[in-house]
Amino acid sequence: MPPASRAGDADARYNGSSDPLSTRAKRGANTSESHAVAEESRTSFDPMSFDRPHESLLTYYILISLCGVIFAPFIFIPHLIKYKTMRYTFDHEGVSMKWGFFFRKEVYLTYRRLQDIHVTRNIIERWLGLAKVPIQTASGTSGATMTIEGCRDAEALRDHLYTRMRGAREGQVADGESGAHADDDDDPVVLLREIRDALRDLHREHPS
């Protein structure tokens, strides 16, 4: 076989085979892209799509009620009413949670009052893919002021609340600084100095 033909066959075999370096680079790029998509899906949260608990919460209530054996019906009925009436609302100022049929209860927390936000799961909730999001405020109580139940994307919800909390506090600081500047402008000492300067200018324009 001529040398040129052998060289052409070698080039064809080389081009047909996969380059290990390029393969590893493509795999790394695909891995980075998948991680970025996973991170975006984890941190993104649409508050408008979460206005009531996930339907798996009813299964959770049934399982924990069965632990009461003969008292299971008495344990399940209040949980059933809570599941049927539980609603969440997220607006620009805060988050509200309300439930109850005969005795309706509602809790509303502004974002600037939030202090600690956690994600908790017991073994049954982990099996069902659910989680609780206890929210504590600066009220001085040791327990959670509000506990959001039946959430599938608990980490994304927690990140959303933390983002809202930081934004509300930064806005509060900015409002405080602007109010402080407004108070400085209305300070009587500043007004007296302006009057003094105006009298001096008037005296210079019309000397006696």
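Report on the accompanying structure.

Cut-off values and rules
Position numbers for residues start from 1 in each chain and track the written sequence from start to end. Given that this is a predicted model, residues contribute local features only at a pLDDT of at least 70 and side-chain atom pairs are listed and counted only at 80 or more, while totals for whole chains, interfaces and linings are drawn from all residues. Excluding hydrogens and water, the side-chain figures rest on all heavy atoms present in the structure. Under the scheme applied here, a residue whose accessible area is under 20% of the maximum for its type counts as buried, over 50% as exposed, and between as partly exposed, the area being computed with a 1.4 Å probe on protein chains only. Only the six-membered ring of Trp is used, alongside the rings of Phe and Tyr, when aromatic pairs are assigned; centres must lie within 6.5 Å, and planes under 30 degrees apart are stacked while those over 60 apart are edge-to-face, with the rest tilted. Starting at the N terminus, helices and strands are each numbered in turn, a helix being any DSSP run of H or I of at least four residues and a strand any DSSP run of E of at least two. Only when the NZ atom of a Lys or the CZ atom of an Arg is both within 6 Å of the ring centre and within 35 degrees of the ring normal do we say a charge sits over the ring. At least two bridges found by DSSP between two strands is the condition for calling them paired. In this analysis, axes come from line fits to C-alpha atoms, helices being fitted only over the stretch in contact, and the angle between any two N-to-C directions falls in the range 0 to 180 degrees.

**Some thoughts on unusual backbone geometry**
- In this model, V69 sits at a positive phi of 55°, which is unusual for a non-glycine residue.
- Judged by its relative accessible area of 62%, V69 falls in the exposed class.

**Some thoughts on the packing of aromatic side chains**
- A complete count under the given rule lists 4 aromatic pairs for this structure.
- Summarising the aromatic geometry, the rings of F50 and F90 are spaced 6.4 Å apart at their centres and angled 40° between planes, so their arrangement reads as tilted. A residue pair is termed long-range when its members are at least 10 positions apart, and F50 in the loop between α2 (20–43) and α3 (56–66) and F90 in strand β1 (residues 87–90) qualify at 40 residues.
- F50 gets classed as buried once you look at its relative accessible area, which sits at 9%.
- Using a relative accessible area of 8% as the deciding quantity, one classes F90 as buried.
- A ring pair is formed by F101 and F102, whose centres lie 4.9 Å apart and whose planes are at 85°; its orientation type is edge-to-face.
- For F102, a relative accessible area of 65% corresponds to the exposed category.
- By the ring-pair criterion, three or more aromatic residues cluster together here, those being F50, Y88 and F90.
- Positioned over the ring face of Y83 is R52, at 5.4 Å from the centre of the ring.

**Describing the sheet that holds strand β6 (residues 146–151)**
- Spatially, the 3 strands line up as an open sheet ordered β4-β5-β6, and their pairing is antiparallel. Strand pairing shows two members of the sheet lacking a second neighbour, β4 (114–117) and β6, which therefore form its edges. Recorded for the sheet is a direction-independent mean angle of 25° between the axes of neighbouring strands.
- Sheet topology note: the strand β5 (residues 131–137)/β6 ladder contains 4 bridges and is antiparallel. Looking at the pairing, A131 lines up with C151 of β6.

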